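For reference, the chains in residue letters:
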Amino acid sequence: MSENVWAYRVTVDRITDVDLYGYKVEAADGSIGKVDKHSDEAGSAYLVVDTGPWIFGKEVLLPASTITGIDVEEKRIRVGLTREQVKDAPEFIRDEHLESTDYRQLLGGYYGIIPPRWL
């Protein structure tokens, strides 16, 4: 996917002064939720997505490399994953995993080996 799963792809036009909170997030085969938190920290960029009722209100953590496009006007983010790939990712519990190096390594391994969809 990317040499560093926690960095934006060079093909993604990320404007760093734009707050992504509330943006809709779409997988290759449908919506997965809205951005609840994001970080643009170098080497540690990610989105926390509130999935709403889709997977019972759980949150998912998506490394920045999974992002294939950001539409500022539409307030929409595309990720190069399917809904199934997101649903099958290691479970994310914000209080336990947001700052966990072990969890990031696990998640980075998971997303680092999945073939991207929207290149």
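Every chain is numbered on its own, with residues counted from 1 as its sequence reads. pLDDT decides what is reported in this predicted model: residues at 70 or higher carry local features, side-chain atom pairs at 80 or more are listed and counted, and totals for whole chains, interfaces and linings draw on all residues regardless. In computing side-chain values, all of the structure's heavy atoms are included and hydrogens and water are not.

Q: Could you clarify how one ought to interpret the sheet that holds strand β4 (residues 59-63) in this entry?
A: Backbone hydrogen bonds are what pair the strands of a sheet, in a parallel or an antiparallel way. Spatially, β4-β3-β2-β1-β6-β5 is the arrangement adopted by the six strands of the open sheet, whose pairing is mixed. If you trace the sheet from one side to the other, it starts and ends with β4 and β5 (67-71), each paired once. Neighbour-to-neighbour, the strand axes of the sheet open up by a mean angle of 35°, direction not taken into account. Strand pairing is defined by DSSP finding a minimum of two bridges between the two strands. Under the scheme used here, helices are H or I runs from DSSP no shorter than 4 residues and strands are E runs no shorter than 2 residues, and both carry numbers assigned from the N terminus. Convention adopted: a line fitted to C-alpha atoms gives each axis, helices being fitted over their contacting stretch, and angles between N-to-C directions are expressed from 0 to 180 degrees.

Q: Is there a simple way to explain the pattern of salt bridges in this structure?
A: Opposite charge on two side chains permits them to pair, given that their charged atoms come into close proximity. We define a salt bridge as a side-chain nitrogen of Lys or Arg found within 4 Å of a carboxyl oxygen belonging to Asp or Glu. Enumeration according to the criterion identifies six salt bridges in this entry. Residues E91 and K58 are paired through a salt bridge, measuring 4.0 Å at the closest nitrogen-oxygen approach. Of this pair, E91 sits in the loop between α1 (83-87) and α2 (94-97) while K58 sits in the loop between β3 (46-50) and β4, placing them 33 residues apart in sequence. Whether a residue is buried, partly exposed or exposed follows from its accessible area with a 1.4 Å probe, protein chains only, as a fraction of its type maximum: under 20%, in between, or over 50%, in that order. According to the relative accessible area criterion, K58 is partly exposed, its value standing at 43%.

Q: Mind showing me how you'd approach the packing of aromatic side chains here?
A: When we look at a pair of aromatic rings, we describe it by the centre distance and by the angle of the planes. Stacked, edge-to-face and tilted labels apply to pairs of Phe, Tyr and Trp rings (six-membered ring for Trp) whose centres lie within 6.5 Å, assigned for plane angles under 30 degrees, over 60, and everything in between, in that order. In total, this model carries two aromatic pairs according to the counting rule given. Judged by centre distance (5.9 Å) and plane angle (40°), the ring pair of F92 and Y103 falls under tilted. A residue pair is termed long-range when its members are at least 10 positions apart, and F92 in the loop between α1 and α2 and Y103 in helix α3 (residues 101-113) qualify at 11 residues. For the residue pair F92 and Y103, the accessibility class agrees, reading buried in each case. Pairing Y110 with Y111 gives two aromatic rings, centres 5.0 Å apart and planes at 75°, and the pair type is edge-to-face. We classify Y111 as buried; its relative accessible area is 0%.

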